[in-house]
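Single-letter residue listing:
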Protein chains: 2
Amino acid sequence: MLKAEYKTRSLVPQDVIEAVSFEQPELKEGQVLLEMLAAPINPSDVLTLTGQYGILPPLPAIGGNEGVAKVVEHGLNVSSPDIGQTVLIPISLGSWSSHIVADAKALISLPNGVDPIQMSMITINPPTASLMLSEFVDLQKGDWVIQNAANSGVGSYLIKLAKLRGFRTVNVVRRESLIEPLLTAGADVVLVDGIIDGLNLAKRVKAATNSADIKLGIDAVGGNATDRLGETLCDGATLVNYGAMSGEPCSIAPTLIIFKDITVRGFWLAKWFKTSTPEQQKEVFGTIIGLIVTGKLSAPIHATYPIKDIKQAVAEAASGKRNGKVVMVKE
Amino acid sequence: MLKAEYKTRSLVPQDVIEAVSFEQPELKEGQVLLEMLAAPINPSDVLTLTGQYGILPPLPAIGGNEGVAKVVEHGLNVSSPDIGQTVLIPISLGSWSSHIVADAKALISLPNGVDPIQMSMITINPPTASLMLSEFVDLQKGDWVIQNAANSGVGSYLIKLAKLRGFRTVNVVRRESLIEPLLTAGADVVLVDGIIDGLNLAKRVKAATNSADIKLGIDAVGGNATDRLGETLCDGATLVNYGAMSGEPCSIAPTLIIFKDITVRGFWLAKWFKTSTPEQQKEVFGTIIGLIVTGKLSAPIHATYPIKDIKQAVAEAASGKRNGKVVMVKE
């Protein structure tokens, strides 16, 4: 059995994490042993390794926050889920591990036989995308939304969820090579950030949307990209930040905040988990699981690695040049 | 008769404005001739001259947006206000002028004999301070508010209005010499921005307020000062920007927006004038006029000038080193 453990934090995250073997743990009453099938590396996992995330676990810690696994052994007094059942790993349990011990009652059963890689990404990115589309602005069918980092995990779910709800998306990316794949994935408009042919982003968005009012902007980049996104929004719009891929603080002109009455908000899924009711959570996840099982919702995969290659996997996840998610899988 | 007119805009505002003589205009039916008593130079006036404000009047234009005057002549069919009555000039009429023509019905009479300089600043800064304290966060007696540029016009009204409502203020300034005057004016805490004795602003605010939750931050500076103010706020707080004295975009860390759930908003009085009801306006101004007439609300005055010295007055108002307002007065 192998787990990806780190005992300290570093801005070079692959330096501190390593694959460590461990003995099969004793199961207590009510517990089960799980064999990991797939567990993604999310930006929040990388920021936890570098010490830049909002909640940091005590050290040493096992990496990973979500994934799917198969039940392989029951402890005393466990009758379900069945041996062989595919289940969702409870959030924050250290999912980058070949085997995990969990309370049987904390497990959510998933349909067996569905692609575990797509299933492994259910807990974090799809609800983030879904909630950012619903929690801040009351969007109607036909309304436009703009997002940057549109090729990220959250970004690709957002394109699909927006389309399913009848919203239209402007998607801002940093490379021209991303335009075609995102259009194929359902994006309405894809634009490269910055000034192109002498036209700033706001002007090109106006042209592409026929000067539509854009009431919601979603920013995962920070720095001047926040301001460029703000410029594309209509009076009274909301700009939601959920990440800082640029590594820089959000920069936004007072003219946008004051004269255009733009509200800047943040979205943090961990807070939503704390403040939402079980019914709200069930509704959001029920919808997402249904869409993933039926293949309507998926995210592109950049590469998969077994736990023993955790250093290479984290290095690749931390680099900005992926075209999809890096996922840890069963060897 | 003299008016302060500008025909073009420039980042050096005193270059484009000049005192120009004009003939006494004919009064139409229902109009009155006013003699200006006092009219302040606000930051928004300077930004209008430089072309950086949210609404720019067509050129040529007369400077100034508020002030008080005395009725000196009635047009046909005018019975009130009486000749000699002190009145508030309707907003945006070009108040830097020795004489102004106005519709009699648009005038709000003020008590005669009260200091016209303090009265001349009623329309813009006091309601800005008042509304920022009431429109964003439901503050209770004893709650703390933090603001920067605390020695500005708005800042000094905010200190007094907060005190009258039972709120406590942390006031951030750029010079140590401002601490004593602001404490005398009613500030609870005054701190110099930045790092002092190795302690950042947030740490010194914690020490000075006994780690109180601060739910409202008011920023007139922008740049990194926005972030420094954000760091002093509690989870879920609101940061309201209403100016950019630094000339830089607001910079704020995504960690504050995402993990601390700070909402960034803007306040623009012109928008409030458009969206509020006459009853709301009457309530806000009624309270403010009462406080100024009774001497409970006042702002420090840096210097007064007659219209003929408009260039020097604007240059001084535009410089960052004032300790109060520059006000144009009757020669």
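Parameters at a glance
Residues numbered from 1 in each chain as written. Chains lettered and ligands numbered in written order. Predicted model: local features only at pLDDT ≥ 70, side-chain atom pairs only at ≥ 80, totals over all residues. Heavy atoms only, no water. Buried < 20%, exposed > 50% of the residue type's maximum accessible area, 1.4 Å probe, protein only. Helix = DSSP H or I, 4+ residues; strand = E, 2+ residues; numbered from the N terminus. Right-handed = clockwise from strand over helix to strand, strands pointing away. Pairing = 2+ DSSP bridges. Axes fitted to C-alpha atoms, helices over the stretch in contact; angles between N-to-C directions. Parallel < 35°, antiparallel > 145°, perpendicular 65-115°, else oblique. Left-handed = near helix turned anticlockwise from the far one by under 90°. Contact = heavy atoms within 4.5 Å. Arc of directions from axis to C-beta. pLDDT = per-residue confidence, 0-100. Phe/Tyr/Trp six-rings, centres within 6.5 Å; stacked < 30°, edge-to-face > 60°. Salt bridge = Lys/Arg side-chain N within 4 Å of Asp/Glu carboxyl O.

The next subject is the pairing of strand S10 (residues 168-173) of chain A. Residues and elements named next belong to chain A. Buried residues dominate S10, accounting for five of its six residues. The handedness of the strand S9 (residues 144-147) to S10 crossover, carried by helix H5 (residues 153-165), is right-handed. One ladder, built from four bridges, connects S10 with strand S11 (residues 189-192); its direction is parallel. Paired with Val173 across the strands is Val192, a residue of S11. Taken together, S10, helix H6 (residues 179-184) and S11 constitute a β-α-β crossover, and its handedness is right-handed.

All names here are of chain A. The geometry of helix H4 (residues 125-134) relative to H5 is characterised by a closest axis approach of 8 Å and an angle of 50° between their N-to-C directions. The pairing of H4 with H5 is recorded here as oblique in orientation. The crossing of H4 and H5 is right-handed. Facing Asn125, Pro126, Thr128, Ala129, Ser130, Met132, Leu133 and Ser134 of H4, the residues of H5 in contact are Gly153, Val154, Tyr157, Leu158, Leu161, Ala162 and Arg165.

When we look at burial in helix H12 (residues 310-318) of chain B, the residues that qualify are Ile310, Ala313, Val314 and Ala317 of chain B. Viewed end-on, H12 of chain B has its buried residues packed into an arc of 95°, placing them on one side of the element.

Before going further, it helps to examine the confidence of the model for chain A. Summing up the model confidence of chain A, the mean pLDDT is 94 and the portion of residues at 70 or higher is 100%. Here the complex is predicted with pTM 0.89, and the ipTM for its interfaces comes to 0.87.

Another aspect to go through is the packing of aromatic side chains. For the structure shown, the criterion picks out 12 aromatic pairs over all chains. Between Tyr53 of chain A and Phe259 of chain B the ring centres are 4.9 Å apart and the planes differ by 75°, which places this aromatic pair in the edge-to-face class. With Tyr53 of chain A in the loop between helix H2 (43-50) and strand S4 (61-62) and Phe259 of chain B in the loop between helix H9 (254-258) and strand S15 (263-266), this residue pair bridges two chains. Taking relative accessible area as the criterion, Tyr53 of chain A reaches 23% and is therefore assigned partly exposed. Of the residues examined, Phe259 of chain B reaches a relative accessible area of 16% and is grouped as buried. Joined through ring pairs, the aromatic side chains of Tyr53 and Trp268 of chain A together with Phe259 of chain B make up one cluster.

Let us look at the pattern of salt bridges. Within this structure, the stated rule accounts for 20 salt bridges over all chains. Between Asp261 of chain B and Lys271 of chain A there is a salt bridge; the shortest N-O distance is 2.8 Å. Here the residue Asp261 of chain B occupies a position in the loop between H9 and S15, and Lys271 of chain A occupies one in helix H10 (residues 269-275), the pair thus bridging two chains. Owing to a relative accessible area of 13%, Asp261 of chain B belongs among the buried residues under this scheme. For the salt bridge of Asp309 of chain A with Lys308 of chain A, the shortest nitrogen-to-oxygen distance reads 3.8 Å. Using a relative accessible area of 25% as the deciding quantity, one classes Asp309 of chain A as partly exposed. Linked by salt bridges that have partners in common, Glu35, Lys70 and Lys330 of chain A make up one network.

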